[in-house]
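Examination of the molecular architecture
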Amino acid sequence: MNARHALTLQDLLAVEDDAALLDFRCPRTGLLLWPLVRVAVLRSVMSELLYGEAGAQMLAAPRVPARRAAATLARSVLHNAGAARFGRSDVCLMPTGIGLAQRDGLWFNRLSDHFALALPERTLVVEDAFDWQWPFPRRFPRVLLHAPLQVRATLAGRAGARAEHHALAQRLVGHVAARAEREIGWTMPAERRAALATMLARKAAALPSSYDAYRRLLARTGARLLVKEDACYGPASVIIAAARSLGIATAEYQHGAISAGHDGYNFAPTLRASADYRQTLPDTFLAYGRWWADQVNAPVQKLAIGNPHRSAQLAQLADAPPGERRDVLVLGDGMETALYLALARAVAPAALRAGLRVVFRPHPLERAALAGHWREVPGLVVDANPDIYASLRGAHVVVSELSTGLFEAIGLADRVLLWNTPKARFAWPVHPFATFDDAEQLAAQLGGREGALDPGQVEAVWAPGWREGYTRYVDSVLARAGQGRTA
């Protein structure tokens, strides 16, 4: 596709709008194989057509500190050996671990622990390893670790991939590559095609043992509800299938920004219409608000319950006055640090003339790399606040391209401006923000009122009363399962 700027998610979804993809299955379990590689394929296209050279960072696996990983894995095995001490639980939460941070000496997962603490005696957490940190002691203690099972699946895939797995994976990837060429004019590089086929072959080889392992795990927990982070993403389909085989209801909680341009939550018509494909997805999506639910075309039930972490942070800040809002807060995207810093530097003089200062807030993924790009500029500082909400309350204008912080700023900052780029147009085909095209236009808008939001928009984006919404949902699931009420 020569017109990179014209790429939309609908263009991309044409690649998978094909019933033939439903014929590629695991011979033993019958599970669909396309979900296992779907996001990796779609993001191969996106990384090249939307990000160019920076897109390689999207596809590169993070480096794992081997010694720490081995130590954490060994400790995880020992920790899980005492799982019986937790007893049986109505709700099994499976977070990725990306939300983990230490607070007052205790580890807390901002994405999942609010839900766990809402029903502490009835919830068990099975958490991924993130950066192979040892996530104990915990504020919520009923935690098992997912890493041993995940490592076992990886080893089973590497050892168990046979010629038939590779042949099946090569046919599927080849079929999709041909459709990408035909539908959007994009040629999959040979090395990427080989890497995707190898990855899929290993995942396919591990499917039977993973399916059995998840059935055993879920049966031991006694859960009637599985709430899985990233459940709409294809790799979770084996966990979803295992839960369904046991009669366990399934859900995903929203954990970041989603949109009508998000590949993880929007699917081609052929897949949405397929009963088999719907079986790879959770029953319910628990959204931050009505606006987010409306962006998702996944064939799942959508409930707007609110954002627990946002509610908790705002409650903590409620007694502290926001002070004078004079910051132009530029939110980094975790990849193109130099690009965002160039924007921040370019508008710093205009901000100074308007009585403002520019604050660059790096994404957590780029904080370490910032040193290589940073140089002092009058009127430009780096945000050191550990939590974004403190920064948002002091912001007159919030500026970004893709960040969830654009939405978190609604109801906090005075104004929000979206950088109108090909990436932003792809990611946010629908959004509530004023836009700017370049640094010159942004500088001109600093003294105006562009980007001021109607307070009535807040509730559509951030539904109130998350705790009541969540427990009411759990009540309804457990009542249907014959488990009584949570109260």
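Once a new chain begins, its residue numbering starts again from 1 and follows that chain's sequence as written. A pLDDT threshold of at least 70 governs which residues receive local features in this predicted model, and a stricter bar of 80 or more applies before side-chain atom pairs are shown or counted, although totals over entire chains, interfaces and linings include all residues. The basis for every side-chain value is the complete set of non-hydrogen atoms in the structure, without hydrogens or water.

A closer look at helix α9 (residues 237–245)
Counting buried positions along α9 yields 7 of 9 residues, so the element is predominantly enclosed. Three exposure classes are used, based on accessible area relative to the maximum for each residue type with a 1.4 Å probe and protein chains only: buried under 20%, partly exposed in between, and exposed over 50%. Helix and strand definitions follow DSSP, with helices as H or I runs of at least four residues and strands as E runs of at least two, each counted in order from the N terminus. Taken residue by residue, α9 has Ser 237, Val 238, Ile 239, Ile 240, Ala 241, Ala 242 and Ala 243 as its buried positions. Contact partners of the buried residues in α9: α2 (34–51), β1 (91–94), α8 (190–221), β6 (225–228) and β7 (249–253). Phi turns positive, to about 75°, at Gly 247, one or two residues after α9. Should any heavy atoms of two residues lie within 4.5 Å, those residues are counted as being in contact.

Comments concerning helix α20 (residues 466–480)
Every helix has an expected span of 1.5 Å times one less than the residues it contains. Given a rise of 1.5 Å per residue, 15 residues ought to cover 21 Å, and the 21 Å separating the end C-alpha atoms of α20 matches this to within 8%. Of the residues making up α20, those classed as buried are Trp 466, Gly 469, Tyr 470, Thr 471, Tyr 473, Val 474, Asp 475, Val 477 and Leu 478. Looking one or two residues past α20, Gly 482 carries a phi angle of roughly 75°, positive in sign.

Examining the packing of aromatic side chains
For this analysis, a ring pair means two rings from Phe, Tyr or Trp (six-membered ring only for Trp) whose centres lie within 6.5 Å, classed as stacked if their planes differ by under 30 degrees, edge-to-face if by over 60, and tilted for the remaining angles. If you walk through the whole model with that rule in mind, you get 17 aromatic pairs. Here the aromatic rings of Trp 292 and Phe 407 are separated by 4.5 Å at their centres, their planes lie at 55°, and the arrangement is tilted. Note that Trp 292 is positioned in helix α12 (residues 290–294) and Phe 407 in helix α16 (residues 405–408), a separation of 115 residues in sequence. Assessed through its relative accessible area of 0%, Trp 292 is described here as buried. Residue Phe 407 is classed as buried on the basis of its relative accessible area, which comes to 0%. Ring geometry for Phe 407 and Phe 433: centres 4.9 Å apart, planes at 70°, overall edge-to-face. In this pair, Phe 407 is assigned in helix α16 and Phe 433 in the loop between α17 (422–427) and β15 (434–436), connecting sequence segments 26 residues apart. Neither Phe 407 nor Phe 433 differs from the other in exposure class; each is buried. Counting every residue linked through ring pairs, the aromatic cluster contains Tyr 288, Trp 291, Trp 292, Phe 407, Trp 428, Phe 433 and Trp 462.

Some thoughts on the sheet that holds strand β11 (residues 357–361)
Two orientations exist for strands paired in a sheet by backbone hydrogen bonds: parallel and antiparallel. Read from one edge to the other, the open sheet built from 6 strands follows the order β12-β11-β10-β13-β14-β15, with strand pairing classed as parallel. The open sheet terminates on both sides in strands that have one partner only, identified here as β12 (380–382) and β15. Strand-to-strand twist of the sheet, defined as the mean angle between neighbouring strand axes without regard to direction, takes the value 30°. Two strands are counted as paired when DSSP detects at least two bridges linking them. Two strands pair when backbone bridges link them, and strand β10 (residues 327–331) and β11 are joined in this way by 5 bridges, in the parallel orientation. Bridge pairing in β11 links Val 330 to Phe 360. Under this scheme, a helix contributes an axis fitted over its contacting stretch, all axes are lines through C-alpha atoms, and angles between N-to-C directions fall in the 0 to 180 degree range. Running at roughly 165° to β11, helix α14 (residues 337–353) makes contact with β10, β11, β12, β13 (395–400), β14 (415–419) and β15 of the sheet.

Let's talk about the pattern of salt bridges
Salt bridge, as applied in this entry: a Lys or Arg side-chain nitrogen positioned within 4 Å of an Asp or Glu carboxyl oxygen. What the rule picks out here adds up to 18 salt bridges. The salt bridge involving Arg 138 is made with Glu 127; its shortest N-O contact spans 2.6 Å. Placement of Arg 138 in the loop between β4 (123–127) and β5 (143–145) and of Glu 127 in strand β4 is noted, with a sequence separation of 11 residues between them. Here Glu 127 falls in the buried class, since its relative accessible area comes to 0%. As a salt-bridge pair, Lys 423 and Asp 333 come within 4.0 Å of each other at their nearest N and O atoms. You can see Lys 423 sitting in helix α17 and its partner Asp 333 sitting in the loop between β10 and α14, a full 90 residues away along the chain. According to the relative accessible area criterion, Asp 333 is buried, its value standing at 14%. A network of salt bridges, in which partner residues are shared, links Asp 333, Glu 336, Glu 401 and Lys 423.

Some remarks on the packing of helix α6 (residues 147–160) against α8
Relative to each other, α6 and α8 sit at 145°, their axes nearing to 7 Å. The interaxial crossing formed by α6 with α8 has right-handed handedness. Each of Leu 149, Ala 153, Ala 156, Gly 157, Arg 158 and Gly 160 in α6 lies in contact with α8, whose residues at this interface are Arg 202, Ala 205, Ala 206, Ser 209, Ser 210, Ala 213, Tyr 214 and Leu 217. Any residue that is not Ala, Val, Leu, Ile, Met, Phe, Trp, Tyr, Cys, Pro, Asp, Glu, Lys or Arg is counted as polar, Gly included; the first ten are nonpolar and the last four charged. When the residues that make up the contact of α6 with α8 are grouped by side-chain class, the tally is 8 nonpolar, 4 polar and 2 charged. Should the near helix be turned anticlockwise from the far one by less than a right angle, the crossing is termed left-handed; should it be turned clockwise, right-handed.

Regarding the environment of Cys 26
The topology assignment puts Cys 26 in the loop between α1 (9–13) and α2. With 96 residues separating them in the primary sequence, Cys 26 and Arg 122 have C-alpha atoms 35 Å apart. Here Cys 26 is in contact with Leu 31, Leu 33, Leu 207 and Pro 208, once residues within four sequence places are set aside.

Describing the sheet that holds β6
A sheet is described by the order of its strands in space; here 7 strands give the open sequence β5-β4-β1-β6-β7-β8-β9, paired in parallel fashion. Each of the sheet's edge strands pairs with one partner strand only, and the pair in question is β5 and β9 (301–304). For this sheet, the mean inter-axis angle between neighbouring strands, taken without regard to orientation, is 25°. Bridge count for β4 against β5 is 3 bridges, and the pairing is parallel. Among the inter-strand pairings, Val 126 is bridged to a residue of β5, identified as Leu 144. Across the sheet, α20 is in contact with β1, β6, β7, β8 (284–287) and β9; its angle to β6 comes to roughly 140°.

Geometric descriptors of this kind do not, in isolation, establish any biological role.
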